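Here is what each chain is made of, one letter per residue.
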Amino acid sequence: MGPVELLHMSVYSQSFSPCGRFLAAGNNYGEISVFSLSAALSPDASEASQKPILTFTAHDGPVFSLLSTDSHLLSAGNGEISAWSWVELIKRNTKAVWTRRPNYKLGYIHGQNLKFSLLFVGGGDNNIHMMDLETGVFKSTLQGHSDYIHCLAVREREGELLSGAEDGAVRIWDSRTGRSVHCVEIYKYEECSRPQFGKWIGCLATDSDWMLCGGGPSLSLWHLRSLSPTSVFPILGCQRQAAFYQDLILSVGEGGSLNHCLLSGEVKAQIPCTPPCLNTLALNGTEQRVLTLGGSSDQIDVFTNLSYRAFSLSF
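Each value, and the rule that gives it
- Residues numbered from 1 in each chain as written.
- Predicted model: local features only at pLDDT ≥ 70, side-chain atom pairs only at ≥ 80, totals over all residues.
- Heavy atoms only, no water.
- UniProt positions renumbered as here; feature names shortened; annotations may be inferred.
- Helix = DSSP H or I, 4+ residues; strand = E, 2+ residues; numbered from the N terminus.
- Salt bridge = Lys/Arg side-chain N within 4 Å of Asp/Glu carboxyl O.
- Buried < 20%, exposed > 50% of the residue type's maximum accessible area, 1.4 Å probe, protein only.

The chain appears in an unreviewed UniProt entry as THO complex subunit 6 from Denticeps clupeoides. Per UniProt, the chain carries the Sequence similarities (unreviewed entry) text "Belongs to the WD repeat THOC6 family."

A. Region of interest: the UniProt feature "repeat: WD" (unreviewed entry) in the chain. The positions that UniProt labels "repeat: WD" (unreviewed entry) are, in the present scheme, residues 142–183. End-to-end, the C-alpha atoms of residues 142–183 are 13 Å apart, and along that stretch the chain is 0% helix and 60% strand.

B. Fine view of the pattern of salt bridges. Per the counting criterion, the structure on display carries ten salt bridges. A salt bridge links Arg155 to Glu160; its shortest N-O distance comes to 2.7 Å. For the pair formed by Arg155 and Glu160, the shared burial category is buried. Across the pair Arg240 and Glu254 runs a salt bridge, and its minimum N-O distance is 3.9 Å. Remark: Glu254 occurs in the loop between β22 (248–253) and β23 (257–262) and Arg240 occurs in strand β21 (residues 239–245); sequence separation between them is 14 residues. Look at the salt bridges and you will find they share partners, linking Arg155, Arg157, Glu158, Glu160, Asp209 and Arg225 into a network.

Pasting the structure below:
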């Protein structure tokens, strides 16, 4: 890849291997790179340890989403979902185990969340499709959004799925019946609304009875029983990914910083990152405790401590 392509690279998606020792990252050129975190984090790591052990073309267009199961890496590109064996990828074998091209029109698909071998896919046809991973069959369609879907999150205990879309709504679905049980139009709440940025919802996260969402509207924390915002975070840029982490909320988006927020609504810290705009945040809960951030750069920042960037991986 030449210097011009590297200059215009954006990292859209990340996923850790089940063992936590490897990181897969997908970019705007349809490539997936696999990095050895154990090599990059070792005391005798060199510059070469921060380069991928493998890079391959997975899709024609951007790799919008990556997700790991116990044995496979799933990737979503323009109109298709593919599965790759982690064991084979680590051996540098890049043959897809399977690829599915759903028979509906879409601009984007985001393979997102797993429960009972189900994959929920949100697409450019404004619908969510439920796929049985064991058979590869699309079982049902969840209809209700009026514009394309940006993000999904699962409440496993309640059997609920949450979706955020370009139409400005967060919908809560009963994943067993496929019915939409609640629809919250975030931009209609004055404290969240930012008409200058639009009404689209770009990030969603849940933890027990709580939901984080943001995008055009301000990043906000909602109580899911009362369906009301309890905190609105004063972060200027549109947020693209957020996560609950211990007693903090972490978020990334425009502005190139990792935001540490308190549940009360206060922004505790903003840690500068290499990419000027961030798309993806991944937390590794295994023994390699790391946080990785990617965005509009060929560099992926690695944090071993939430307060500062330890080093960057590079394509």
